[in-house]
Amino acid sequence: MNFKIPKLTVVGAGPGDVDLITVKAIKVLKSADVVLYDALVNEELLDYINPEAEQIFVGKRRGCYKYQQEQINELIVARAKSNGHVVRLKGGDPFIFGRGAEEMEYAANFGVEVAMVPGISSSMAVAANQNIPVTKRGSSESFWVITGTTKEHKISEDIKLAAKSNATVVVLMGMSKLPQIVELFQAEGKNDLPVAIIQNGTRPDEKIGIGTVDTIEHIVAEKGLRNPAIILLGEVVNHRQSILELHEFYANDLRGLV
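Residues numbered from 1 in each chain as written. Predicted model: local features only at pLDDT ≥ 70, side-chain atom pairs only at ≥ 80, totals over all residues. Heavy atoms only, no water.

1. Remarks on the sheet that holds strand β1 (residues 7-12)
No. 1: Read from one edge to the other, the open sheet built from five strands follows the order β3-β2-β6-β1-β7, with strand pairing classed as parallel. The sheet terminates laterally at β3 (54-57) and β7 (113-117), the two strands that pair on one side only. Mean inter-strand twist for the sheet, computed between neighbouring axes without regard to direction, equals 20°.
No. 2: Judged from the six bridges that link them, β1 and strand β6 (residues 85-90) form a sheet pairing that is parallel. What sits directly across from K7, in β6, is H85. (Pairing = 2+ DSSP bridges. Helix = DSSP H or I, 4+ residues; strand = E, 2+ residues; numbered from the N terminus. Axes fitted to C-alpha atoms, helices over the stretch in contact; angles between N-to-C directions.)

2. What about the side chain of K190?
No. 1: Assignment of secondary structure puts K190 in the loop between α6 (178-187) and β10 (194-199).
No. 2: At a separation of 2.7 Å, a polar atom in the side chain of K190 contacts the main-chain carbonyl oxygen of A163.
No. 3: There is a polar contact of 2.4 Å between the side chain of K190 and the backbone oxygen of S165.
No. 4: Setting aside its immediate chain neighbours within four residues, K190 contacts A163, K164, S165, F185 and V213. (Polar contact = N/O pair within 3.5 Å; in protein donor to acceptor, adjacent residues only side chain to side chain. Contact = heavy atoms within 4.5 Å.)

3. What to know about unusual backbone geometry
No. 1: The amide bond that connects N227 to the next residue, P228, takes the cis arrangement and shows omega of -5°.
No. 2: Its location among the elements puts P228 in the loop between α7 (216-223) and β12 (229-233).
No. 3: In this structure, M173 takes a positive phi of about 55° despite not being glycine.

4. Description of the pattern of salt bridges
No. 1: Scanning all chains against the criterion turns up nine salt bridges.
No. 2: One salt bridge in this structure joins R88 and D38, with 2.9 Å as the shortest N-O distance. Of this pair, R88 sits in strand β6 while D38 sits in the loop between β2 (34-37) and β3, and the two are 50 residues apart along the sequence. Like R88, the residue D38 is buried in the burial classification.
No. 3: For E103, the salt bridge goes to K90, with nearest N and O atoms at 3.4 Å. With E103 in helix α3 (residues 100-108) and K90 in strand β6, the pair connects residues that are 13 residues apart, well separated along the chain.
No. 4: Taking the relative accessible area as the measure of exposure, E103 reaches 1% and is therefore buried.
No. 5: The network of salt bridges with shared partners includes D38, R88, K90 and E103. (Salt bridge = Lys/Arg side-chain N within 4 Å of Asp/Glu carboxyl O. Buried < 20%, exposed > 50% of the residue type's maximum accessible area, 1.4 Å probe, protein only.)

5. Focus on helix α1 (residues 23-30)
No. 1: Listed in full, the buried residues belonging to α1 are A25, I26, V28 and L29. Projected down its long axis, α1 carries its buried residues within an arc of 160°, all on one side. Turned more than 90 degrees away from the buried face of α1 sit V23, K24, K27 and K30, all of them exposed.
No. 2: On the buried face of α1, the contacting elements are β1, β2, β6 and β7. (Arc of directions from axis to C-beta.)

6. Describing the nonpolar core
No. 1: Judged by nonpolar contacts, the single largest core of 23 residues is most densely connected at I181, F185, I197, I216, I231 and L233.
No. 2: Every element with two or more residues in this core is listed here: α5 (157-163), β9 (168-172), α6, β10, α7 and β12.
No. 3: Contact partners of I231, with chain neighbours within four places excluded, come to V169, V170, V171, G174, M175, L178, I181, V195, A196 and I197.
No. 4: With 20 residues, the next largest nonpolar core counts V11, I21, L29 and V35 among its residues. (Core = buried A, V, L, I, M, F, W, Y, C linked by side-chain atoms within 4.5 Å.)

7. Details of helix α2 (residues 69-83)
No. 1: For α2, spanning 15 residues, the distance from its first C-alpha to its last is 20 Å, which sits close to the expected 21 Å at 1.5 Å a residue.
No. 2: Those residues of α2 not exposed but buried are Q69, I72, N73, L75, I76, V77 and A80.
No. 3: Residue G84 follows α2 closely and has a positive phi angle near 115°. (Expected span 1.5 Å × (residues − 1).)

8. Quick word on the pairing of β2
No. 1: Of the two faces of β2, the one lined by V34 and L36 and the one lined by V35 and Y37 are each fully buried.
No. 2: When β2 meets β6, the two strands line up parallel, connected through four bridges. Bridge pairing in β6 places L36 opposite R88.

Shown next, in the form of structure tokens:
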């Protein structure tokens, strides 16, 4: 039996659409001896894995944890030492609220070689898929990407700071804190600021709700929006409607020519 150097590669799977994974990520999946994958990973991507590799689901579904984070860390090290190349496949980009850095540090402390393949982050790609740019000349000069819920299960203080700015604000994992987010923006007089909430972004079952700070909670209830979803606040949300109106305008012109 050939000795294999223990190695961990943390790989970003992208926001959900199977076509949004990178070529490099697919190459790494084909070289894996073990793949540990999360619930937000599109399971069609498992078809790219080396057929001889062990596949282990370690994600969270409907509030139930298959493995706690400490167990995942231990599993990474154990499999790397017994099998060789472990790929940790995570949704989006593992370095954007994905705990990829923590897993790499843990493995490295046990002598496991580590590497990382970035993924397309939902913080930008999900909005772009709905024709919403996070920056646009004349509308937004910057954007914040903020976790809605800290490790203490509280709302991030950075959202309060972001509400004072003119930047586009993208909140991940924030649906449970939506009423508090709304209050923070209302306190800054931004009642009419456009808001988009996108559930299951880039997937076939994607859902979207568009409103303002004052109306978005009603729209969420009406459409039944829930996690996994991103919250996007900013004038850039209006770009989507502008594009839709242009499409409709030119579609009517074309129908008139038939």
